[in-house]
Structures are given as structure tokens and as C-alpha cells.
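Below are the chains, spelled out letter by letter.
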Amino acid sequence: MKRYFAALGMSVAVIFVGCGGGSDGDGGVNIDATVSYKTSGTYDLSNYISATQNSFNVYKNNTYTNKNGKKSFKDDPEEETYTEKYDINSTAVIVKNAGDEIDSIFVIKSDRILEYDDENSASSIQIARYADIGDYILSISKNENDNIPVEAKSVCKLAKHYDSKTVGSKTYNDVLKVTCVHEANGMSNNKDINISYMADGDSVIYLAKGVGEILSEDVTCEKIDTYLNSTKTTNSTCEKEVSEIISHNLL
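Residues numbered from 1 in each chain as written. Predicted model: local features only at pLDDT ≥ 70, side-chain atom pairs only at ≥ 80, totals over all residues. Heavy atoms only, no water.

(A) Geometry of the overall build of the protein chain. Tallying secondary structure elements over the protein chain gives two helices and 14 strands in all. By the burial criterion, 46% of the 251 residues in the protein chain qualify as buried. For the protein chain, restricting intrachain contacts to residue pairs at least 6 apart in sequence, the fraction spanning at least 24 positions comes to 61%. For the protein chain, the exposed area adds up to about 12400 Å²; of that, 42% sits on carbon and sulfur atoms. (Helix = DSSP H or I, 4+ residues; strand = E, 2+ residues; numbered from the N terminus. Buried < 20%, exposed > 50% of the residue type's maximum accessible area, 1.4 Å probe, protein only. Contact = heavy atoms within 4.5 Å. Areas by Shrake-Rupley, 256 points an atom, 1.4 Å probe, with all protein chains shown as cover.)

In C-alpha cells, the structure reads:
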């Protein structure tokens, strides 16, 4: 879960490099929904978004790309493995990579969980700490202005609880399903060239209590229309990213 929420706080280019995954089948997600931060609820998400003991998780990640802008993926994926190491104290979780560098920090508050990129970050992502099924747990709106001005938004809700879920050859108990949707739009106009940017995606993420993310499936598409001397050029790309846990190991 660390990897996913951290990506939401970065630039639009990163926000849409792997978010999505088809209809969630749990009533859908409203992109305009707001989050209610509560001090009690059926589920304490601080027990799910990361490991709750000093440990490390090893993941397998496959990324599929369709450069024709379609949500069909026939080519072989790019494959990689990565490690997340969890250093737990009473109020925070420090997440490090295989090189022992800080990837993110979760600070646990009474009604929310603050995620920082590192110990020097001044801004954070705010995740609802307590939630019931159907509650929205995250809503982020960002304005970016790298190449063109872009407005981006991501919203996540707690969709379902499972007594257990099997990933690979291992079964994990007490699992939550989180579903998200993402949108981004932008336009740049000048006398020589006009550019229109659109992106959308949705995500399905599974979190096991005490372990963190065990599986996620993301599909996102982006489209760039360029108008030059009344000639329109369109570039569309869709990407699917599947990440699943290989092992959970106590330190």
C-alpha cells in the first residue's frame, strides 16, 4: 500500500503510471466523494496499510503496455521484484527499500494516517484511519504545471472485507479490498500549437491485516491530442500493472 499511496502524491506523470484495474463490482467509486475522518469504525486501517511488526515484504511486479490506447494486453510484461522493509514504532511506520533508503513514512493519528515521502517532507497524504465498508478513505486533488497545466484527482473507498484471500501459494487472513478511480485533464493553447491531455484509471488493492498490500491490479489510459496548423495528432497509451506479494518475513 505504501507504493500506491506514495504515487498519488507525486506528479501527474507518476500518478498515472499504474493505477486502475477494471470495475470493482462493489457499487463503483464516486470521483467527487469526500472523506469523513472518524475516531472509530469497524476497521482500523493502520493495521492494514503496512506491516505491523518489524518485517519485510518481497513483491513481484508485472507491467503491460498497449501503445494503441486499448485496454487489452497481449505482449509479455516488464517484470521486476522489489522489497519493502518496515520499521515500526508507537506512532509511525518507516518504509525502506532494499537499499535501506526511506521510501515513505506513515504517521498514525487519532482519526487519520499521514503519509510523507521522507522525514524532510512538509506535506503529506491524508488517509482515513477508521472506516466501515463503503466509506471513502482518500481524496486527493492536485494541480501540476510541468509541460501543460493539468488538474488531477484520485479517490479511494473501502469496498469489501474477506475472511481470507490466497495470493500465489499462500493464504492471508483478514483482508480488505480498496477501490479507487483517477482522472486528469489539461490543456495548453498558444498561436503555434495546442495540446489537450486526458487520463483516467481505476484500481483494486488488497490489504491483509498485519502484512500490508498483498495484491493490486491497476489499468490506466492517457490520451494526448496535439493540434499544429489545423492538423491533429493523437497519442494514446494504456498500461496495466499487477503487483503481488511473494513473501512476508519477520525481522
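(B) Fine view of the pattern of salt bridges. Here the structure, examined in full by the defined rule, presents nine salt bridges. The salt bridge partner of Glu217 is Lys240, with a shortest N-O separation of 3.7 Å. A residue pair is termed long-range when its members are at least 10 positions apart, and Glu217 in strand β13 (residues 212–228) and Lys240 in strand β14 (residues 231–250) qualify at 23 residues. Residue classification places Glu217 among the partly exposed positions, given a relative accessible area of 32%. (Salt bridge = Lys/Arg side-chain N within 4 Å of Asp/Glu carboxyl O.)

(C) Focus on the packing of aromatic side chains. Following the criterion strictly, the structure yields three aromatic pairs and no others. Arranged with centres 6.2 Å apart and planes meeting at 85°, the rings of Tyr43 and Tyr48 form a pair that is edge-to-face. The exposure class assigned to Tyr43 is buried, which follows from its relative accessible area of 14%. Residues Tyr162 and Tyr206 carry aromatic rings whose centres are separated by 6.1 Å and whose planes lie at 55° to one another, so their mutual orientation is tilted. Separated by 44 residues along the polypeptide, Tyr162 in strand β10 (residues 149–167) and Tyr206 in strand β12 (residues 193–208) bring together distant segments of the chain. When its relative accessible area of 11% is taken as the criterion, Tyr206 is described as buried. (Phe/Tyr/Trp six-rings, centres within 6.5 Å; stacked < 30°, edge-to-face > 60°.)

(D) Main features of the nonpolar core. By size, the foremost hydrophobic cluster in this structure holds 45 residues, and its most contacted members are Ile137, Tyr172, Val178 and Ile214. Take this core: its biggest share by element is six residues, from strand β11 (residues 170–189). Residues contacting Tyr172, with those up to four places away along its chain left out, are Asp163, Ser164, Lys165, Val167, Ala208, Val211, Ile214 and Ile245. Ile148, Ala152, Ala184 and Tyr197 belong to the second largest nonpolar core, which has six residues in total. (Core = buried A, V, L, I, M, F, W, Y, C linked by side-chain atoms within 4.5 Å.)

(E) Broad picture of the state of the cysteines. Within the structure shown, the criterion is met by two disulfides. The disulfide partner of Cys156 is Cys180, and the S-S distance across this bridge is 2.1 Å. Negative torsions about the S-S bond denote left-handed disulfides, and the value of about 110° found for Cys156 with Cys180 makes this one right-handed. Of this pair, Cys156 sits in strand β10 while Cys180 sits in strand β11, and the two are 24 residues apart along the sequence. A sulfur-sulfur distance of 1.9 Å marks the disulfide that ties Cys221 to Cys238. In this structure the cystine formed by Cys221 and Cys238 twists about its S-S bond by roughly 105°; its chirality is therefore right-handed. Remark: Cys238 occurs in strand β14 and Cys221 occurs in strand β13; sequence separation between them is 17 residues. Looking at Cys221, the relative accessible area reads 13%, which means it is buried. Look at Cys238 and you get buried, because its relative accessible area is 0%. (Disulfide = S-S within 2.5 Å.)

(F) Structural view of the environment of Gly99. Within the element layout of this structure, Gly99 appears in the loop between β4 (92–96) and β5 (102–108). Residues Gly99 and Glu84, 15 residues apart in the sequence, show an inter-C-alpha distance of 9.8 Å.

(G) Representation of the pairing of strand β2 (residues 55–66) in the model. The buried count for β2 comes to nine of twelve residues, which makes it a mostly enclosed element. In this sheet, strand β3 (residues 78–88) lies alongside β2 in antiparallel orientation, the contact comprising nine bridges. Each residue of the ladder has a partner; that of Asn57, found in β3, is Glu84. Relative to β14, β2 is paired through twelve bridges, and the arrangement is antiparallel. Bridge pairing in β14 places Asn61 opposite Ser243. (Pairing = 2+ DSSP bridges.)

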